[in-house]
Amino acid sequence: MSSELEPRSGVAAPRRSVRVLNRLAGVTVLAGALVAGASAAAVAAPRATVDAVTASAAPSAGTDAATRPPRTTHGPCAYTETPDEPAARPVPLPPDPRRTPDRGTVRVTLATNHGPIGLTLDRAAAPCTVQSFLHLVRKRFYDRTSCHRLTAYPTLSVLQCGDPSGTGEGGPGYRYGDELPTGLPPAPTDPTGVRRLYERGVLSMANAGPDTNGSQFFLVYADSALRPDYTIFGEVDAAGLATLDRIAAGGVAPTAEDPAPVDGAPALPVDIRRAVRSHHHH
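Along each chain, residue indices are assigned from 1 in the same order as the chain's sequence is written. Residues qualify for local features only when their pLDDT is at least 70, as the model is predicted, and side-chain atom pairs are given and counted only at 80 or more; totals for whole chains, interfaces and linings, by contrast, use all residues. For side-chain calculations, the full set of non-hydrogen atoms in the structure is used, while hydrogens and water are omitted.

Draft legend 1. Just the pattern of salt bridges, in detail. Just to be clear on terms, a salt bridge is a Lys or Arg side-chain nitrogen sitting within 4 Å of an Asp or Glu carboxyl oxygen. Applying the stated criterion across every chain yields a total of eight salt bridges. The partner of Asp237 in a salt bridge is Arg107, with the nearest N and O atoms 3.1 Å apart. Placement of the pair is Asp237 in the loop between β14 (232–236) and α3 (238–249) and Arg107 in strand β4 (residues 105–112), with a sequence separation of 130 residues. We note that Asp237, like Arg107, is buried. Among the salt bridges present, the one from Arg149 reaches Asp263, with a minimum N-O distance of 2.7 Å. Here Arg149, found in strand β7 (residues 149–151), pairs with Asp263, found in strand β15 (residues 263–264); they are 114 residues apart in sequence, far enough to count as distant. Exposure remark for Arg149: the relative accessible area of 2% places this residue in the buried category. Only protein chains enter the area calculation, which uses a 1.4 Å probe; residues under 20% of their type maximum are buried, those over 50% are exposed, and those in between are partly exposed. Taking relative accessible area as the criterion, Asp263 reaches 2% and is therefore assigned buried. Only DSSP runs of H or I with at least four residues qualify as helices, and only runs of E with at least two residues qualify as strands; both kinds are numbered from the N terminus onward.

Draft legend 2. View of α3. Here α3 spans 16 Å end to end across twelve residues, near enough to the 16 Å set by a 1.5 Å rise per residue. Of all the residues in α3, the buried ones are Gly240, Leu241, Thr243, Leu244, Ile247 and Ala248. Angularly, the buried residues of α3 cover 155° about the axis, an arc narrow enough to put them on a single face. For α3, exposure combined with an orientation more than 90 degrees from the buried face picks out Ala238 and Ala249. Contacts: residue pairs with any heavy atoms within 4.5 Å of one another. Summarising the contacts, the buried residues of α3 are in contact with β4, β5 (115–122), β7, β8 (157–161), β12 (217–222) and β14. Remark: Gly251 follows α3 within two positions and exhibits a positive phi of approximately 80°. Every helix has an expected span of 1.5 Å times one less than the residues it contains. As used here, the arc is the angular range of directions from the helix axis to the C-beta atoms.

Next up, the structure:
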């Protein structure tokens, strides 16, 4: 899996644990990249402008991974095993029908300890992503998991979830390709025009570089500036945004190194008790 974090030019950061890097991402100038599953070996992120919504990789599984090639589904989504990043919770590869549903919306509710977060998934925007997400919901992959990361930068305000290990290093044991948004307006906070507006209410996938989507996702609770490198596959409803606002108001948990962080574990722990699909909507 690619270890590059956005942006891709500049001097590589010193090697350090991915957990620490996730906490530091974006500290210096503009925050803005959501990384999921970066290889722990070398996280290339220029310190000056780290932009990261990251999901980092689990430790290597060892030599067993080399004994056979990773399995890949045969449909248009090509979900591919990641033997070097085993699943944080056992789950099979998603179904991959030749005709992946690409119309209509699906409702999913995340029942959390702070209240419900209702999601409307958009099949037309990201059919393979919606199919994978619904598969993980059906397999109860997200049940009894915590949301490990809250960011509170002026330019990056998200809650990141979807790792059963709660560390930011876990995934489903497979990856799949990007379904990137087009036509997003430029972020008003970015004079270079490189970053786009990920609006309040957007539901998007975290990644570790091109085509490394897994299970980690992020919920945008205030307009954020990001390179358009993150698949948008739905939106959060009004009740869900109220829940996110309560979580965000609690801030980020202080640490010994940083008594007032803007990126790290939520001060109010967030537990997804159950993720449930509603069958009342198209």
